[in-house]
Amino acid sequence: MSMSDPTGSSITTVPPDTEGPALRSPAAASAHRVRAVARRHWLVLKRSPHRFFDVLVWPLVDTLLYGSIGLFAAQAAGDSPSATTAVAVYLLSGTVLWHLVHQTQISLATGFLEETWSRNVLGLLATPMRDWEYLAGVGLFALVRTAASTVAVAALAFAAYAFDVTRLGLGLIPVAALLLASGWAVALLVVGLVLRYGSGAEALVWGALSVVMPLSGVFYPITTLPTVLQPVAQVLPTTHVFAVGRTLASGKPMPWGEFALAAGGTAVLTLLSLLALRRMLRTFRRKGLVTRYS
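The following refers to the structure shown. This is a predicted model, so every value here is computed, not measured.

**Considering the nonpolar core**
Counting residues in each nonpolar core, the largest one holds 64 residues, and the members touching the most others are Leu179 and Phe284. Where this core is concerned, the elements lending two or more residues are helix H2 (52–77), helix H3 (81–117), helix H5 (131–161), helix H6 (172–197), helix H7 (203–215), helix H9 (237–249) and helix H10 (256–286). Apart from residues lying up to four places away in sequence, Phe284 is in contact with Val121, Leu125, Leu195, Leu289, Val290 and Tyr293.

**Quick word on the pattern of salt bridges**
Taken as a whole, this structure holds one salt bridge when the rule is applied. The partner of Arg285 in a salt bridge is Asp131, and the shortest N-O contact between them spans 3.0 Å. In this pair, Arg285 sits in helix H10 while Asp131 sits in helix H5, placing the two residues 154 residues apart along the sequence. Given a relative accessible area of 34%, Asp131 falls into the partly exposed group.

**Some thoughts on the packing of aromatic side chains**
For the coordinates displayed, the defined rule picks out two aromatic pairs. Arranged with centres 6.2 Å apart and planes meeting at 35°, the rings of Trp98 and Phe242 form a pair that is tilted. One end of the pair, Trp98, is in helix H3; the other, Phe242, is in helix H9, with 144 residues separating them in the sequence. Overall, the relative accessible area of 1% leaves Phe242 in the buried class. Look at Trp256 and Phe259: their rings are 6.0 Å apart centre to centre, the planes differ by 85°, and that puts the pair in the edge-to-face class.

Reading the values: rules and limits
- Residues numbered from 1 in each chain as written.
- Predicted model: local features only at pLDDT ≥ 70, side-chain atom pairs only at ≥ 80, totals over all residues.
- Heavy atoms only, no water.
- Core = buried A, V, L, I, M, F, W, Y, C linked by side-chain atoms within 4.5 Å.
- Buried < 20%, exposed > 50% of the residue type's maximum accessible area, 1.4 Å probe, protein only.
- Helix = DSSP H or I, 4+ residues; strand = E, 2+ residues; numbered from the N terminus.
- Contact = heavy atoms within 4.5 Å.
- Salt bridge = Lys/Arg side-chain N within 4 Å of Asp/Glu carboxyl O.
- Phe/Tyr/Trp six-rings, centres within 6.5 Å; stacked < 30°, edge-to-face > 60°.

See the structure below:
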């Protein structure tokens, strides 16, 4: 098609594209938006490998935990009545002692997370407070909180099941000290990971120690674990701490060899956690990662 302008020259015009882009149907548009949202979350998961913890680790932990408890109970059911009593000792002593280490770790780690949730990390760094002073303050609060909750659990175990945790005698003091140290060590490592990798690593606060639980023989002997995992269980200091606690709960004398392994392993774990926290805190400051929480 052509036409003339006021000067008399010819102008050629191109007819508009009458087809245009094809429009999606409402159902196809909805499906596209659904896929877009799902893809967005997949990309977040892909870029943050620690988020796979909830996807893969929890199912494996549950399988190991309840599978080993079931196997232990089935083996004891065919043995003498004393073996059945041993199952009760395993479960009740494990519940009380595990709550001690778990509550310690949760209290210390969530104490730090309160600072991130309230956007107070930058304020803490602006004060003259040293790192160890902050950790000591949070640790003191965690100790009080742990003591209160552990007393409640022990009282219920005694009232409902006639299990007296004080039957451990004076040996309860070093066992409790090692469990507290183990909980603090794991909490310090988790705090360092949150500082280094951000809020996406917060899932480890509730899950890191739970991975240790099925491997530590808290509610069953580690011989009920798959053979390939038993050497891993032997390396963990918590395995030996719970073994000492069960021995004392059964009315037997202190197994000093087992206690030495528990104390040495706990010391190594604490030292490694402190070194890891120091390194991640240095990276946190050097890269200015505090902007995540301000």
